[in-house]
Amino acid sequence: MKRSILYVSISILSIWQLFSLTSCEIETHAKGNIDGNWHLEQIDTLETGGSKDIRENRIFWGIQANLVQLRSYYDPENIYILRFSKTDKTFQLYEPRVNDREKHDPAVTDVTLLNPYGINELQESFQIEKLSGSKMILKSAKLRLHFETF
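The structure presented is a predicted model; accordingly, all values stated were derived computationally and were not measured.

Analysis parameters
- Residues numbered from 1 in each chain as written.
- Predicted model: local features only at pLDDT ≥ 70, side-chain atom pairs only at ≥ 80, totals over all residues.
- Heavy atoms only, no water.
- Helix = DSSP H or I, 4+ residues; strand = E, 2+ residues; numbered from the N terminus.
- Buried < 20%, exposed > 50% of the residue type's maximum accessible area, 1.4 Å probe, protein only.
- Contact = heavy atoms within 4.5 Å.
- Areas by Shrake-Rupley, 256 points an atom, 1.4 Å probe, with all protein chains shown as cover.
- Core = buried A, V, L, I, M, F, W, Y, C linked by side-chain atoms within 4.5 Å.
- 1 Å grid on protein atoms, 1.4 Å probe; cavity = no way out; pocket = protein on both sides within 12 Å on 5 of 7 lines; lining within 4 Å.
- Points joined across faces, edges and corners; volume = space filled by probe spheres on them.
- Nonpolar A, V, L, I, M, F, W, Y, C, P; charged D, E, K, R; others polar.
- Salt bridge = Lys/Arg side-chain N within 4 Å of Asp/Glu carboxyl O.

A.B. asks: Describe the overall build of the chain, and please don't skip the residues or the numbers.
C.D. replies: Along its length, the chain carries one helix and nine strands. Overall, the chain shows an N-to-C arrangement of helices and strands of α-β-β-β-β-β-β-β-β-β. Here the chain holds 150 residues, and 27% of them are scored as buried. Intrachain contacts of the chain at a sequence separation of at least 6 include 45% that bridge at least 24 residues. Approximately 10000 Å² of the chain is accessible, and the part contributed by carbon and sulfur atoms is 54%.

Next up, the structure:
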């Protein structure tokens, strides 16, 4: 009798755990595959038609929940955090902050700090041109940013 109760309990717990994991997966994909770590690989200048391969710069956007973390291999001391909102066709960044807990994450007031990451406004709106599990292309008023996941 004790053995049957144990087997039933383990079965119920296993099923419950399976459903818990499934619900997390559904939540992650509800934003259209945007959560994750994105490597900025190419920047196109819309005004001139120029294009620059920046893979070697190792610039990354980490996207999760409603935050974007910007970081660069060549500038590991300076990490930036921005809030974002997303619809099917737009991706908006706002409230940029320096990731410095000791100073209460001060607001970024100089947008040139964000320029290497493809951001030219403190509140910038991008059109989503492509978003799949492995590639993302965002277009602002001035630039087109090409990303790949890693």
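Still more ground to cover, so stick around.
A.B. asks: Quick rundown of the nonpolar core? Include the residues and the values.
C.D. replies: Core analysis: the largest hydrophobic core is formed by 26 residues, its most contacted members being Trp61, Leu70, Phe91, Leu93 and Ile119. Listed by contribution, the elements that provide at least two residues to this core are strand E1 (36–45), strand E3 (59–64), strand E4 (67–72), strand E5 (80–86), strand E6 (90–98), strand E7 (124–131), strand E8 (135–139) and strand E9 (143–149). Setting aside chain neighbours within four positions, we find Leu70 in contact with Phe60, Trp61, Asn78, Ile79, Tyr80, Leu82, Leu114, Tyr117 and Ile119.

A.B. asks: An account of the layout of surface pockets is requested, with residue identities and associated values reported.
C.D. replies: Considered as a void within the structure, the largest pocket measures approximately 160 Å³ in volume. In terms of lining, the largest pocket is formed by Asp35, Gly36, Asn37, Gly62, Ile63, Gln64, Leu67, Val68, Gln69, Ile81 and Arg101. Of all the secondary-structure elements, those providing two or more residues to the lining of the largest pocket are E1, E3 and E4. Along the lines of polarity and charge, the residues of the lining of the largest pocket split into four nonpolar, five polar and two charged.

A.B. asks: Can you lay out the environment of Pro106 for me, pointing to particular residues and giving the numbers?
C.D. replies: Structurally, the position occupied by Pro106 is in the loop between E6 and E7. It is 8.7 Å that separates the C-alpha atoms of Pro106 and Pro96, two residues lying ten residues apart in sequence. Excluding residues within four positions of it along the chain, Pro106 makes contact with Arg97, Val98 and Asp100.

A.B. asks: Outline the environment of Ser132, supporting the account with residue identities and numerical values.
C.D. replies: Inspection of the secondary structure puts Ser132 in the loop between E7 and E8. In the structure, Ser132 is positioned 99 residues away from Asn33 in sequence and 6.2 Å away in space, judged by C-alpha atoms. When neighbours within four sequence positions are excluded, Ser132 is seen to be in contact with Asn33 and Trp38.

A.B. asks: Describe the pattern of salt bridges, listing the residues and the values that go with them.
C.D. replies: Tallied over the full model, the rule gives five salt bridges. With a closest N to O distance of 2.4 Å, Asp105 and Arg101 form a salt bridge. Residue class for Arg101 comes out exposed when judged on its relative accessible area of 57%. Residue Arg144 is joined to Glu129 by a salt bridge in which the shortest nitrogen-to-oxygen separation is 2.7 Å. In this pair, Arg144 sits in strand E9 while Glu129 sits in strand E7, placing the two residues 15 residues apart along the sequence.

Purely spatial values, then, with no claim about function.
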